[in-house]
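Coordinate inspection notes
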Amino acid sequence: MKVLISGAGIAGTTLAYWLKHQGFESTIVEAAPKLRTGGYIIDFWGAGFEIAERMGIIPEIMKRGDRIREVKVVNERGHRIAGFPVEAFSQIAQGRYVSLARGDLAASIFGTIEHDVEAIFGDSVDRIEQTESCLLASFKRTGVRYFDLLIGADGLHSRTRQPVFGPQSRFEKYLGFKVAAFELAG
Ligand SMILES: Cc1cc2nc3c(=O)[nH]c(=O)nc-3n(C[C@H](O)[C@H](O)[C@H](O)COP(=O)(O)OP(=O)(O)OC[C@H]3O[C@@H](n4cnc5c(N)ncnc54)[C@H](O)[C@@H]3O)c2cc1C
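Residues numbered from 1 in each chain as written. Predicted model: local features only at pLDDT ≥ 70, side-chain atom pairs only at ≥ 80, totals over all residues. Heavy atoms only, no water.

Approximately 1200 Å³ is the volume attributed to the largest pocket. Contributing to the lining of the largest pocket are 29 residues, with Ile 41, Asp 66, Ile 68, Phe 182 and Leu 184 lying nearest its centre. Those elements that place two or more of their residues in the lining of the largest pocket are strand 3 (41–44), strand 4 (70–74) and strand 6 (98–101). Each residue belonging to the lining of the largest pocket can be placed in one class, and the counts come to 16 nonpolar, 5 polar and 8 charged. The calculated volume of the second largest pocket comes to roughly 600 Å³. For the second largest pocket, the lining is made up of 27 residues, of which Glu 30, Arg 36, Ala 153, Asp 154 and Gly 155 are closest to its centre. At the level of secondary structure, the elements contributing two or more residues to the lining of the second largest pocket comprise helix 1 (10–21), strand 2 (25–30) and helix 5 (102–110). At 3 residues, helix 5 tops the list of elements feeding residues into the lining of the second largest pocket. (1 Å grid on protein atoms, 1.4 Å probe; cavity = no way out; pocket = protein on both sides within 12 Å on 5 of 7 lines; lining within 4 Å. Points joined across faces, edges and corners; volume = space filled by probe spheres on them. Helix = DSSP H or I, 4+ residues; strand = E, 2+ residues; numbered from the N terminus. Nonpolar A, V, L, I, M, F, W, Y, C, P; charged D, E, K, R; others polar.)

Structure (structure tokens):
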């Protein structure tokens with residue numbers, strides 16, 4: 001079975017890994033010109049940690065990750081006004097806990113499949129058509145290809161979901177919160 005995965009984030013790369021293990025042939029198409037780096041720091045533990053362990057990538061993830069000591073809320077002069085130690089999370093998770101950039105996690109996973117799975121960067125699925133026997137995917141840049149299955153792993157605002165299940169507004173509920181993130185040297 002030929003599977004097309006849209007998106008080379010954490011979900012898309014993990015899926016490609018496990019499909020390969022089950023003997024499926026998969027192709028990943030990623031809109032970005034290369035594997036995305038950086039991104040928001042995520043706390044990695046629980047089910048995700050266990051899956052990464054089964055994939056044998058924990059040493060790599062620990063190497064790339066950071067051990068955060070404390071989350072601080074600071075005032076306009078940079079003085080701490082509130083916060084909490086992160087060590088408590090690590091203790092609860094019995095050390096099976098690390099913080100790392102979203103892109104670094106995806107890159108660690110991608111490293112396990114890059115020689116076995118076809119990856120197309122800088123392209124995306126423009127149109128899909130279901131026929132009797134297969135699925136026709138028209139790529140923006142590289143033309144039409146046949147697959148048996150298309151899986152949308154293209155994130156929260158999935159473009160794959162839209163033509164099949166309807167507009168984004170049906171699946172997202174704005175809760176009134178906003179987050180701003182930026183990177184600092186070191
Ligand atoms: C501020 C913030 C904090 C978070 N903190 C945590 C945390 O502490 N712990 C935790 O577990 N999770 C956390 N998350 C959630 C976590 O980042 C997401 O659950 C995770 O990144 C989802 O992975 P994904 O692969 O589904 O999607 P994404 O990481 O969004 O990847 C989607 C990929 O698809 C690509 N793409 C998009 N559109 C197309 C297209 N049309 N065609 C082809 N490719 C496309 C994108 O370029 C991207 O590479 C946080 C998220 C945010 C925003």
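With antiparallel pairing, 3 strands are arranged side by side in an open sheet as 8-9-10. For this open sheet the edge positions go to strand 8 (125–130) and strand 10 (143–147), each flanked by a neighbour on one side alone. Across this sheet, the average inter-strand angle for adjacent strands is 20 degrees, counted without regard to direction. Pairing between strand 8 and strand 9 (residues 135–139): 5 bridges, direction antiparallel. Following the sheet pairing, Ile 128 is matched in strand 9 by Ala 137. (Pairing = 2+ DSSP bridges. Axes fitted to C-alpha atoms, helices over the stretch in contact; angles between N-to-C directions.)

This next bit is on the site of the ligand. In the vicinity of the ligand, 19 residues are found, and the nearest of them are Ile 10, Ala 11, Glu 30, Asp 43 and Arg 102. In this structure, a nitrogen atom belonging to the ligand sits 3.5 Å away from a side-chain N or O atom of Ser 6. When the ligand is considered free in solution it has 1000 Å² of accessible area, and contact with the protein chains removes 65% of it. When residues of the shell around the ligand are traced back to their parent elements, those giving at least two are helix 1, strand 2 and strand 3. Per-class residue counts for the shell around the ligand are 8 nonpolar, 5 polar and 6 charged. (Near = heavy atom within 4 Å. Polar contact = N/O pair within 3.5 Å; in protein donor to acceptor, adjacent residues only side chain to side chain. Areas by Shrake-Rupley, 256 points an atom, 1.4 Å probe, with all protein chains shown as cover.)

Let us now look at unusual backbone geometry. Phi is positive for Gln 94, which is not a glycine, with a value near 50 degrees. Judged by relative accessible area, which is 69%, Gln 94 ranks as exposed. (Buried < 20%, exposed > 50% of the residue type's maximum accessible area, 1.4 Å probe, protein only.)

Closest axis-to-axis distance for the helix 1/helix 5 pair is 9 Å, and the angle between their directions is 15 degrees. Regarding the angle of helix 1 to helix 5, the classification is roughly parallel. Judged by the twist between their axes, the crossing of helix 1 over helix 5 is left-handed. Contacts from Ile 10, Thr 13 and Thr 14 of helix 1 reach helix 5 at Arg 102, Leu 105, Ala 106, Ile 109 and Phe 110. Taken together, the residues of the contact of helix 1 with helix 5 sort by class into 5 nonpolar, 2 polar and 1 charged. (Parallel < 35°, antiparallel > 145°, perpendicular 65-115°, else oblique. Left-handed = near helix turned anticlockwise from the far one by under 90°. Contact = heavy atoms within 4.5 Å.)

Considering all chains together, one arrives at 8 salt bridges under this definition. In this structure, the salt-bridge partner of Lys 20 is Asp 116, at a minimum N-O distance of 3.1 Å. Here the residue Lys 20 occupies a position in helix 1, and Asp 116 occupies one in the loop between helix 5 and strand 7 (118–121), the gap between them amounting to 96 residues. Its relative accessible area of 28% is what places Lys 20 among the partly exposed residues. Its salt-bridge partner being Glu 60, residue Arg 64 comes within 2.8 Å of it at the nearest N-O pair. Here Arg 64 pairs with Glu 60, and both are found in helix 3 (residues 58–64), just 4 residues apart, close to one helical turn. Judged by its relative accessible area of 32%, Arg 64 is partly exposed. (Salt bridge = Lys/Arg side-chain N within 4 Å of Asp/Glu carboxyl O.)

Within the largest apolar cluster, 24 residues are counted, with the highest numbers of intra-cluster contacts made by Ile 5, Ile 28, Phe 44, Ile 61 and Ile 113. Among the elements that make up this core, the one with the highest residue count is helix 5 (4 residues). Within the second largest apolar cluster, 9 residues are counted, among which are Leu 4, Val 29, Val 125 and Ala 137. (Core = buried A, V, L, I, M, F, W, Y, C linked by side-chain atoms within 4.5 Å.)

Keep in mind that these numbers describe shape and distance, not what the molecule does.
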